[in-house]
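Structural characterization, general
Chain by chain, the residues run as shown.
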Amino acid sequence: MQTNLIDSLIVKPNTKICLSDWNPTYIGRIDKEEAEIMLNQNLMNQMSNLQYKLFADKSQSLLIILQGISAAGKDSTIRNVMSAFNPQSCKAISFKAPNEDELSHDYLWRVHRLMPAKGDITIFNRAHYEDIVEVRVRKLTSKSIWSKRYTQINEFERFLYENNTKIIKFFLYISKDEQKKKLEERIKNPLKQWKFTESDLTEPAYYEQYMEAYEEVLWKCSTDWAPWYIIPANTKWFRNFVVAQIITNTLESMKLAFPKPNFDISKYLRLKNNIWK
């Protein structure tokens, strides 16, 4: 069931999509209690164990990209799913508007320098796709510039993949009504007001433009080496479950292995009784 579910969420390469055909409240055939038990008692442990093996293996790295409109649940996903990872070899990075130093370089410079080292996992809260989606919707640069970035990003991600960085990309898909609801909660709740920005006031008015921009990103930039997954994110427990399942499956597919000792372990086993007396 889980394999079929995940297969239904992946964007096949070179396949045009219409997000209105996708249901942001979709939860498949799994119920909440079953999903939460599998997440907390199985998937989180698997993720932790596989991260440990990745850290020991030291031949590959994993990049996880979370994209979505404001209030899509990127922070919540990191807090509820990525907590399975040991921070010793995992870091989460949130991309804001580029600063002066970053603007003085090409748009991929700030991303490339933050790639995970071999054995590590890095999580991007927003990423280089902002340099297509955000600049397109907010008209920050011309189409002649951002339209070239689909191919540039595909080649950049191919380079990473060919140098042993596995990439998973999640688009957290919420409805316009759900976005409005969450933004209203932010401004009304004193504990969430710190997350509210002036740009959030106009976000719902741009919803359709963001969906149009993401549709093009999803079909033009979902590749065999760096696939996009559309995650129905109106329902938090389902979002968390499928993201954890996809990460677990991806780590398993990397065929990780613990390295062999750099000394003759059998010699130690023969002598161990004489070593610690």
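Before reading on, note that the structure itself is shown above.
All of these numbers come straight from a predicted model, not from anything done at the bench.

When helices and strands are tallied, the protein chain shows 12 helices and 5 strands. Here the C-alpha radius of gyration of the protein chain, 21 Å, is about what a compact globule of 277 residues would show, namely 19 Å. Each principal axis of the C-alpha atoms in the protein chain carries an extent, and together these give about 75 × 45 × 40 Å. Counting all 277 residues of the protein chain, 48% fall into the buried class. Sequence-distant contacts, at least 24 apart, represent 82% of the contacts inside the protein chain between residues at least 6 apart. Accessible surface for the protein chain amounts to roughly 14,900 Å². Of this, 51% is attributable to carbon and sulfur atoms. Of note, the protein chain has its 40 positive side-chain charges centred 5 Å away from the centre of its 33 negative side-chain charges.

Glancing now at the layout of surface pockets. Quantified by volume, the largest pocket comes out at close to 1,200 Å³. In terms of lining residues, the largest pocket is bounded by 43 residues, among which Ser70, Lys74, Lys96, Arg126 and Arg186 are the most central. Only helix H3 (74–80), helix H6 (130–137), helix H9 (176–188) and helix H10 (207–220) provide two or more residues apiece to the lining of the largest pocket.

Looking now at unusual backbone geometry. Phi at Lys139 is positive, roughly 55 degrees, even though this residue is not glycine. Positionally, Lys139 belongs in the loop between H6 and helix H7 (143–146). In this model, Lys255 sits at a positive phi of 50 degrees, which is unusual for a non-glycine residue.

Negative charge collects at one region of the surface, where Asp31, Glu33, Glu34 and Glu36 lie side by side. Tracing the backbone shows Asp31 in the loop between helix H1 (2–7) and helix H2 (32–57). The exposure class of Asp31 is partly exposed, given its relative accessible area of 44%.

Quick look at the pattern of salt bridges now. A full pass over the atoms with the stated rule returns 14 salt bridges. The residue Glu130 makes a salt bridge to Arg126 at a minimum N-O spacing of 3.2 Å. With a relative accessible area of 11%, Glu130 lands in the buried category. Residues Lys169 and Glu157 are paired through a salt bridge, measuring 2.9 Å at the closest nitrogen-oxygen approach. One end of the pair, Lys169, is in strand S4 (residues 165–173); the other, Glu157, is in helix H8 (residues 149–162), and 12 residues separate them in sequence. In this structure, Lys169 and Glu157 share a single accessibility class: buried. Members of the salt-bridge network, linked through shared partners, are Arg136, Glu212, Glu216 and Lys220.

Our focus in this paragraph is the environment of Asp57. When you line up the elements, Asp57 lands in helix H2. On the basis of relative accessible area, Asp57 is assigned to the buried category, the value being 18%. For Asp57 and Pro87, which are 30 residues apart along the polypeptide, the C-alpha to C-alpha distance reads 17 Å. Discounting chain neighbours no more than four positions away, the residues touching Asp57 are Leu256, Ala257 and Pro259. One polar contact links Asp57 to Ser59, side chain to side chain, over a distance of 2.2 Å.

Pairing is parallel in the open sheet, where 5 strands are placed in the order S2-S3-S1-S4-S5. The open sheet is flanked by strand S2 (90–94) and strand S5 (228–232), the only strands paired with a single partner. For this sheet, the mean inter-axis angle between neighbouring strands, taken without regard to orientation, is 20 degrees. Bridging between S2 and strand S3 (residues 121–125) involves 5 bridges; their strand directions are parallel. Bridged to Ala92 within S3 is Ile123.

Rules and cut-offs
- Residues numbered from 1 in each chain as written.
- Predicted model: local features only at pLDDT ≥ 70, side-chain atom pairs only at ≥ 80, totals over all residues.
- Heavy atoms only, no water.
- Helix = DSSP H or I, 4+ residues; strand = E, 2+ residues; numbered from the N terminus.
- Rg over C-alpha atoms; globule rule 2.2 N^0.38 Å.
- Buried < 20%, exposed > 50% of the residue type's maximum accessible area, 1.4 Å probe, protein only.
- Contact = heavy atoms within 4.5 Å.
- Areas by Shrake-Rupley, 256 points an atom, 1.4 Å probe, with all protein chains shown as cover.
- Lys, Arg positive; Asp, Glu negative; His and termini not counted.
- Charge placed at Lys NZ, Arg CZ, Asp CG, Glu CD.
- 1 Å grid on protein atoms, 1.4 Å probe; cavity = no way out; pocket = protein on both sides within 12 Å on 5 of 7 lines; lining within 4 Å.
- Points joined across faces, edges and corners; volume = space filled by probe spheres on them.
- Patch = residues over 30% accessible without salt bridge, like charges linked within 9 Å, V, L, I, M, F, W, Y side chains within 5 Å.
- Salt bridge = Lys/Arg side-chain N within 4 Å of Asp/Glu carboxyl O.
- Polar contact = N/O pair within 3.5 Å; in protein donor to acceptor, adjacent residues only side chain to side chain.
- Pairing = 2+ DSSP bridges.
- Axes fitted to C-alpha atoms, helices over the stretch in contact; angles between N-to-C directions.

Remember, this is a structural readout, not a statement about activity or role.
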